[in-house]
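Residue-level structure breakdown
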Amino acid sequence: MRTGRQVLERALILLGYTGMDGRPDEVRDAALFKKGEAAVRQIYDELRRIDRMGGDSPLESMEQELVLSPAAIRDVMPYGVAMLLAQNEGDGDCQTLFSALYSRKRSSVPQRKRSVSDVLPKGGY
């Protein structure tokens, strides 16, 4: 998986929101794909702020290559997208499951190093 569209399709497969052939149907489920694009963008924005390989620019197109660590794209993003889609669809059982999975997996994302600097004023008394 490298693009937002591929992450969305993986999330739909994880949820079981597929046709008879086991693949998501973009024509039949156009509204679901539209909601899915918003979910992909939201999860991507969240992960790019914490992922050490995360880029600085937002996702412009679903065909754009994601700038995150491969582990974040493959192992974390689909679960966050599935969580949001299940919530939008009113699928409480799936939303609860994918929320727990996403929270657990998100903690495994390689974090950006944060520097702490001394900003307290030092005065002479």
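Placed above this text is the structure.
Notes on the structure in this doc start here. Predicted model only: the values in this text are computed from it and were never measured. (Residues numbered from 1 in each chain as written. Predicted model: local features only at pLDDT ≥ 70, side-chain atom pairs only at ≥ 80, totals over all residues. Heavy atoms only, no water.)

**Observations regarding the packing of helix α1 (residues 4-15) against helix α3 (residues 70-89)**
What counts here: Fitted lines through C-alpha atoms serve as axes, helices being fitted only where they are in contact, and the angles separating the N-to-C directions of these axes extend from 0 to 180 degrees. Under the scheme used here, helices are H or I runs from DSSP no shorter than 4 residues and strands are E runs no shorter than 2 residues, and both carry numbers assigned from the N terminus. The handedness criterion is simple: a crossing whose near helix is rotated anticlockwise from the far helix by less than a right angle is left-handed, and one whose near helix is rotated clockwise is right-handed. Contacts: residue pairs with any heavy atoms within 4.5 Å of one another. Each residue gets one of three labels, nonpolar for Ala, Val, Leu, Ile, Met, Phe, Trp, Tyr, Cys and Pro, charged for Asp, Glu, Lys and Arg, and polar for the others, Gly among them.
Where α1 meets α3, the closest approach of the two axes is 8 Å, and the angle between their N-to-C directions is 65°. Crossing geometry of α1 relative to α3 is assigned as right-handed. Residue-level contacts link Val 7, Leu 8, Arg 10, Ala 11, Leu 12, Leu 14 and Leu 15 of α1 to Ile 73, Met 77, Pro 78, Tyr 79, Val 81, Ala 82, Leu 85 and Ala 86 of α3. Within the contact of α1 with α3, the residues separate by chemical class into 14 nonpolar, no polar and one charged.

**Notes on the pattern of salt bridges**
Note the cut-off: By salt bridge we mean one thing: a side-chain nitrogen of Lys or Arg within 4 Å of a carboxyl oxygen of Asp or Glu. Type-normalised accessible area, obtained with a 1.4 Å probe on protein chains alone, sets the label of each residue: buried when under 20%, exposed when over 50%, and partly exposed for intermediate values.
As enumerated under the stated definition, the model contains ten salt bridges in all. Arg 2 is paired through a salt bridge with Glu 65; the nearest N and O atoms lie 3.9 Å apart. Highlighted residues: Arg 2 in the segment before α1 and Glu 65 in the loop between α2 (30-50) and α3, separated in sequence by 63 residues. Judged by its relative accessible area of 52%, Arg 2 is exposed.

**Regarding the nonpolar core**
Stated formally: Residues belong to a common nonpolar core when they are buried Ala, Val, Leu, Ile, Met, Phe, Trp, Tyr or Cys residues joined through side-chain atoms within 4.5 Å.
Leu 8, Leu 15, Ile 43, Leu 47, Met 77 and Val 81 are the most contacted members of the largest nonpolar core, which totals 33 residues. Mapped by element, the contributors of at least two residues to this core are α1, α2, α3 and α4 (92-106). Sorting elements by how many residues they give to this core places α3 first, with eleven residues. If sequence neighbours within four positions are ignored, Val 81 has contacts with Val 7, Leu 8, Ala 11, Ala 39, Val 40 and Ile 43.

**As for the packing of α3 against α4**
The condition is simple: Oblique is the label for any angle not under 35 degrees, not over 145, and not in the 65 to 115 range, which are roughly parallel, roughly antiparallel and roughly perpendicular in turn.
Put simply, α3 and α4 touch, their axes get as near as 8 Å, and they point 150° apart. Taken as axis vectors, α3 and α4 run roughly antiparallel relative to one another. Note that α3 runs across α4; the crossing there is left-handed. Here Asp 75, Val 76, Tyr 79, Gly 80, Ala 82, Met 83, Ala 86 and Gln 87 of α3 come into contact with α4, specifically with Cys 94, Gln 95, Phe 98, Ser 99, Leu 101, Tyr 102, Lys 105 and Arg 106. Of the residues contributing to the contact of α3 with α4, the split by class is nine nonpolar, four polar and three charged.

**Here's the deal with the packing of aromatic side chains**
The description of two aromatic rings rests on the distance between their centres and on the angle between their planes. Heads up, the rule is: Ring pairs shown here join Phe, Tyr and Trp side chains whose ring centres sit within 6.5 Å, with only the six-membered ring taken for Trp; geometry is labelled stacked below 30 degrees between planes, edge-to-face above 60, and tilted in between. Two conditions define a charge sitting above a ring: the NZ of Lys or the CZ of Arg must be within 6 Å of the ring centre, and it must be within 35 degrees of the ring normal.
For the structure on display, the rule yields one aromatic pair. The residue whose ring lies beneath Lys 105 is Tyr 79, and the NZ or CZ to ring-centre distance is 4.7 Å.

**Structural notes on the environment of Pro 24**
Tracing the backbone shows Pro 24 in the loop between α1 and α2. For Pro 24, a relative accessible area of 16% corresponds to the buried category. Each C-alpha atom, one on Pro 24 and one on Arg 5, is 11 Å from the other, the two residues being 19 residues apart in sequence. Not counting residues up to four positions away in its chain, the partners in contact with Pro 24 are Glu 9, Leu 12, Ile 13, Tyr 17, Thr 18 and Phe 33.

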